[in-house]
Amino acid sequence: MQYNTEGGVPRGSIISPLCANIFLHPLDCYVEDVLIPKYNVRGMYPASAEYYNNRLNLDIKYKAVLEDYPQLWQAMTNIKHFRWIGTNKPSHEPDHEGAARLKYLRYADEVMLGIIGSKEEALNIRKAVQKFLQQKLKLEINEQRSPLINAKSEIAKYLGTLVTYYGTGSVKPRSTDEVSDVKRVRLRSITRPQLIAPIKDLLTKAVERGYGKLNAKGLIRATFHQRLAASEDEQIVTHFSSVIRGIVNYYSFVNKRSSLWKVVSIYRKSCALTLARKHSLRSAEAAFHKFGPNLRIIKKGKEVASLYHPNSLKTIGKYNIKASRFNDVTILEEPYYKG
């Protein structure tokens, strides 16, 4: 969204998101009070006839026996379910009339609307939001940064995070255990959007900022930072620690967070090469040998700085998505907008 003006709050200021929350609160009310009740229709996805027959229709001779063993019956239906998912066929009617789901996300002026439904419904929602912004808030949508994306074939980007959707046809190992000589693999379908760290973008940014370079094969390799090489050892290590900690903490919620090790290793080696450049050492290995694996800086017998290195990169983000919008606080007796 954009608003043509010669004044305002500088981009990146601490108060900028707060001002955006105040100014765009009417949009939140409009989406949650008007659009979501209209499009978030529940219980409208019946099972497809083909899926139903495949899962439940068993031979008559087996059905009579399995009725006496309900646990075995359930196990066989589950096996049929996962085999069906593996064929990439939908278990429910995807084009059932009136079926839709709508989710709304906003941080400052970055907005994402996700809908399970037809392209026509997505376009109608986009037009409704655009009309509301123009008439009520005098805002325009940035067309270049507001594409309509099919989550099954394309990847969306929101707040520096890649958002993709595998669909009901994807399965992954959940756990493995061995009973006697039989190895069992439990599978579950992935039906939630996956949040992925943009590793390629992070590595490209490291190159642009002087922490890495492309070699002859087109691969990114760490290099010393020209400007930081003239700084004190403590300042060099502290700077790289803040960069690594910032990236690791920001992407604490993503799936497959371990992919960030590629980025961490680039900055870690760049820090070693920068120290090596400053002390006229030949390689990063020489810097690690001199300062230790954590690049500890010792002054007067005391450690003044050491390079931050995460112990683990497991996904740790937890969110309460069931919280009420207003909780127990009454903001206004009437909404900002008038239908």
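Fair warning: this is a prediction, and the values are worked out from it, not measured in the lab.

A. Structural context of the sheet that holds strand β7 (residues 193-196). Read across the open sheet, the three strands follow the order β3-β4-β7; overall the sheet is antiparallel. The sheet is open, and its two edges are formed by β3 (156-158) and β7, each paired on a single side. Across the sheet, the mean angle from the axis of one strand to that of its neighbour is 35°, orientation sign disregarded.

B. Just the nonpolar core, in detail. Formed by 38 residues in total, the largest nonpolar core has its most connected members in F240, I247, L260, Y267, C271 and L295. Residue assignment for this core shows that the elements contributing at least two residues are α7 (199-208), β9 (220-222), α8 (233-250), α9 (261-278) and α10 (284-291). Broken down by element, the residue count for this core peaks at nine residues, all from α9. Ranked by size, the runner-up nonpolar core spans 17 residues in total, among them Y30, V31, I36 and L137.

C. A look at the environment of K200. Note that K200 resides in helix α7. Exposure remark for K200: the relative accessible area of 67% places this residue in the exposed category. Separated by 20 residues in the primary sequence, K200 and I220 have C-alpha atoms spaced 10.0 Å apart.

D. Local environment of α10. The set of residues buried in α10 consists of A284, A287, F288 and F291. Considered in projection along α10, the buried side chains sweep an arc of 100° and stay on one side of the axis. Turned more than 90 degrees off the buried face of α10, the exposed positions are E285 and H289. Residues of α10 that are buried in the fold lie against α8, α9 and β10 (297-299). Directly beyond the C-terminal end of α10, a positive phi value near 95° is found at G292.

E. Fine view of the pattern of salt bridges. Taken as a whole, this structure holds six salt bridges when the rule is applied. Across the salt bridge formed by R126 and E143, the nearest N and O atoms sit 2.6 Å from each other. In this pair, R126 is assigned in helix α6 (residues 119-137) and E143 in the loop between α6 and β3, connecting sequence segments 17 residues apart. Residue classification places E143 among the partly exposed residues on the basis of a relative accessible area of 46%. For the salt bridge of K157 with D201, the shortest nitrogen-to-oxygen distance reads 2.8 Å. Placement of the pair is K157 in strand β3 and D201 in helix α7, with a sequence separation of 44 residues. Overall, the relative accessible area of 35% leaves D201 in the partly exposed class.

F. Layout of a nonpolar patch on the surface. A cluster of nonpolar side chains, contributed by I15, L18 and I22, occupies part of the molecular surface with about 300 Å² of accessible area. One can find I22 in helix α1 (residues 15-23).

G. Main features of the side chain of S270. Relative to the assigned elements, S270 resides in helix α9. Overall, S270 belongs to the buried group, its relative accessible area being 0%. Beyond its immediate stretch of four places on either side in the chain, S270 contacts Y211, A222, T223, F224, H225 and F240.

H. Geometry of the pairing of strand β2 (residues 110-116). Note: strand β1 (residues 101-107) against β2, seven bridges, orientation antiparallel. Looking at β2, one finds that R101 is bridged to I116. Connecting the antiparallel pair β1 and β2 is a turn made up of two residues, with A108 showing a positive phi of about 55°.

I. Spotlight on α9. With 18 residues, α9 extends 26 Å between its outermost C-alpha atoms, agreeing within 8% with the 26 Å of an ideal straight helix rising 1.5 Å per residue. If you follow the buried residues of α9, they end up packed against α7, β9, α8 and α10. S280 sits one or two positions beyond α9 and adopts a positive phi of about 60°.

What counts, and where the lines are drawn
Residues numbered from 1 in each chain as written. Predicted model: local features only at pLDDT ≥ 70, side-chain atom pairs only at ≥ 80, totals over all residues. Heavy atoms only, no water. Pairing = 2+ DSSP bridges. Helix = DSSP H or I, 4+ residues; strand = E, 2+ residues; numbered from the N terminus. Axes fitted to C-alpha atoms, helices over the stretch in contact; angles between N-to-C directions. Core = buried A, V, L, I, M, F, W, Y, C linked by side-chain atoms within 4.5 Å. Buried < 20%, exposed > 50% of the residue type's maximum accessible area, 1.4 Å probe, protein only. Arc of directions from axis to C-beta. Contact = heavy atoms within 4.5 Å. Salt bridge = Lys/Arg side-chain N within 4 Å of Asp/Glu carboxyl O. Patch = residues over 30% accessible without salt bridge, like charges linked within 9 Å, V, L, I, M, F, W, Y side chains within 5 Å. Areas by Shrake-Rupley, 256 points an atom, 1.4 Å probe, with all protein chains shown as cover. Expected span 1.5 Å × (residues − 1).

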